[in-house]
Amino acid sequence: TAVFTSNLVYETPLSFAFIQMMKCFSPVAVLLLGLALGAELYSARVAMSLGVVTLGMAVTVNGELHPDTAGIALMLGGIAAEAMRLVCTQL
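Quick caveat, the model's predicted, so the values are computed rather than measured.

S.K.: So what's going on with the overall build of the protein chain? Which residues, and what values?
M.R.: Along its length, the protein chain carries five helices and zero strands. Listing each helix as α and each strand as β along the protein chain from the N terminus yields α-α-α-α-α. In terms of overall dimensions, the protein chain is globule-like: its C-alpha atoms have a radius of gyration of 14 Å, near the 12 Å expected for 91 residues. If you line up the protein chain on its principal axes, its C-alpha atoms span 40 × 25 × 15 Å. Residue burial in the protein chain is summarised as follows: out of 91 residues, 27% are buried. Across the protein chain, the fraction of contacts at a sequence separation of at least 24, relative to all contacts at a separation of at least 6, is 83%.

S.K.: Could you give an account of the environment of Y42, naming the residues involved and the relevant values?
M.R.: Structurally, Y42 can be placed in the loop between helix 3 (26–37) and helix 4 (44–63). With 40 residues separating them along the chain, Y42 and E82 place their C-alpha atoms 21 Å apart. Apart from residues no more than four positions distant in its own chain, Y42 is found in contact with L35 and A47.

S.K.: Run through the packing of helix 2 (residues 16–23) against helix 5 (residues 69–90), naming residues and quoting values.
M.R.: For the pair helix 2 and helix 5, interaxial distance at closest approach is 10 Å and the crossing angle is 35°. When the axes of helix 2 and helix 5 are compared, the crossing they make is right-handed. Residues F18, I19, M22 and K23 of helix 2 touch helix 5, and the partners they reach there are I72, M75, L76 and I79. Across the contact of helix 2 with helix 5, the residue classes tally to seven nonpolar, no polar and one charged.

Reading the values: the criteria
Residues numbered from 1 in each chain as written. Predicted model: local features only at pLDDT ≥ 70, side-chain atom pairs only at ≥ 80, totals over all residues. Heavy atoms only, no water. Helix = DSSP H or I, 4+ residues; strand = E, 2+ residues; numbered from the N terminus. Rg over C-alpha atoms; globule rule 2.2 N^0.38 Å. Buried < 20%, exposed > 50% of the residue type's maximum accessible area, 1.4 Å probe, protein only. Contact = heavy atoms within 4.5 Å. Axes fitted to C-alpha atoms, helices over the stretch in contact; angles between N-to-C directions. Left-handed = near helix turned anticlockwise from the far one by under 90°. Nonpolar A, V, L, I, M, F, W, Y, C, P; charged D, E, K, R; others polar.

What follows is the structure, encoded as structure tokens:
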């Protein structure tokens, strides 16, 4: 599922650079899911670092010239599926 949605997003009108920037959100998703499932321990230092990544992604999404809701939803779905796969291997 993660590979399928991540590859399918390239068929949307989103730019290649934008898709690559969205992939930078993966560590944030993995950490949040890991915290929710008890696989990770909270660290303020890591949380601050990932907050900067999240802010950068928000700026990138806001600056996309041709935003496509379906493409962004596919990308976030792929990120969520990949995060679930990674966290489940730790449990």
